[in-house]
Amino acid sequence: QVQLVESGGGLVQAGGSLRLSCAASGRTFSNYGMGWFRQAPGKEREFVARISWSGGYTNYADSVKGRFTISRDNAENTVYLQMNDLKVEDTAVYYCATSDTIIWSSIPNSNAYSYWGQGTQVSVSS
């Protein structure tokens, strides 16, 4: 059974940085792409970033390009989200997710992901 456990959230001032981690277990981590999504109160869950199984391909939402970096350590079964220059509008619960298979056009679609972590809260104050 696939399990995803996020950590690293917290409260930070605008302009600050946080690094989120997602530890995966239950299958061969290095065979699958991994994604990050977020959900703010009263809003739909939205795509943040995704990384391919090898780490060779990454995708980002326009709202985080240039500020956030997704990476992975296949030896540690962990995917990371480095978040720099945080803004108040980045406040949300952040989730990592993965799927068995995915087509390129579905990468930003939360319905394309089968497995989800419990989420970690990121709060950015002004």
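Please refer to the structure placed before this passage.
Residues numbered from 1 in each chain as written. Predicted model: local features only at pLDDT ≥ 70, side-chain atom pairs only at ≥ 80, totals over all residues. Heavy atoms only, no water.

On inspection of all chains with the given rule, the structure shows five aromatic pairs. Considering the side-chain rings of Phe37 and Phe47, the 5.6 Å spacing of their centres and the 75° angle between planes classify their relative orientation as edge-to-face. Taken together, the residues span a long stretch of sequence, with Phe37 in strand β4 (residues 34–39) and Phe47 in strand β5 (residues 46–51) at a distance of ten residues. Each member of the pair, Phe37 as well as Phe47, is classed as buried. Ring geometry for Phe37 against Tyr113: centres 4.9 Å apart, planes inclined by 75°, an arrangement best described as edge-to-face. (Phe/Tyr/Trp six-rings, centres within 6.5 Å; stacked < 30°, edge-to-face > 60°. Helix = DSSP H or I, 4+ residues; strand = E, 2+ residues; numbered from the N terminus. Buried < 20%, exposed > 50% of the residue type's maximum accessible area, 1.4 Å probe, protein only.)

To continue, consider the state of the cysteines. Under the defined criterion, the tally for this structure stands at one disulfide. Shown here is the disulfide that connects Cys22 with Cys96, its sulfur atoms set 1.9 Å apart. On the sign convention where negative is left-handed, the bridge of Cys22 and Cys96, at about 45° about the S-S bond, is right-handed. Taken together, the residues Cys22 in strand β3 (residues 18–25) and Cys96 in strand β9 (residues 92–98) connect sequence positions 74 residues apart. By relative accessible area, which is 0% here, Cys22 ends up buried. (Disulfide = S-S within 2.5 Å.)

In this section: the pattern of salt bridges. Here the structure, examined in full by the defined rule, presents six salt bridges. For the salt bridge of Arg38 with Asp90, the shortest nitrogen-to-oxygen distance reads 2.9 Å. You can see Arg38 sitting in strand β4 and its partner Asp90 sitting in the loop between β8 (78–83) and β9, a full 52 residues away along the chain. By relative accessible area, which is 5% here, Arg38 ends up buried. The class of Asp90 is buried, set by a relative accessible area of 0%. Of the charged contacts, one joins Arg67 and Asp90 as a salt bridge, the two residues approaching to 2.7 Å between their closest N and O atoms. Here the residue Arg67 occupies a position in the loop between β6 (58–60) and β7 (68–73), and Asp90 occupies one in the loop between β8 and β9, the gap between them amounting to 23 residues. Both residues of the pair, Arg67 and Asp90, belong to the buried class. By sharing partners, the salt bridges in this structure join Arg38, Glu46, Arg67 and Asp90 into a single network. (Salt bridge = Lys/Arg side-chain N within 4 Å of Asp/Glu carboxyl O.)

Once that is clear, we can look at the sheet that holds β7. The pairing of strands in a sheet comes from backbone hydrogen bonds and takes either a parallel or an antiparallel form. The strand order β1-β3-β8-β7 describes an open sheet built from four strands, whose pairing is antiparallel. Every interior strand has two partners, whereas the edge strands, β1 (3–7) and β7, have only one. Averaged over all adjacent pairs, the angle separating strand axes in this sheet is 15°, with direction ignored. (Pairing = 2+ DSSP bridges. Axes fitted to C-alpha atoms, helices over the stretch in contact; angles between N-to-C directions.)

Here the idea is plain: a probe the size of a water molecule rolls over the atoms and shows the empty space left. A complete count under the given rule lists one cavity of 30 Å³ or more for this structure. The calculated volume of the largest cavity comes to roughly 60 Å³. Looking at the lining of the largest cavity, its residues break down into six nonpolar, two polar and one charged. (1 Å grid on protein atoms, 1.4 Å probe; cavity = no way out; pocket = protein on both sides within 12 Å on 5 of 7 lines; lining within 4 Å. Points joined across faces, edges and corners; volume = space filled by probe spheres on them. Nonpolar A, V, L, I, M, F, W, Y, C, P; charged D, E, K, R; others polar.)

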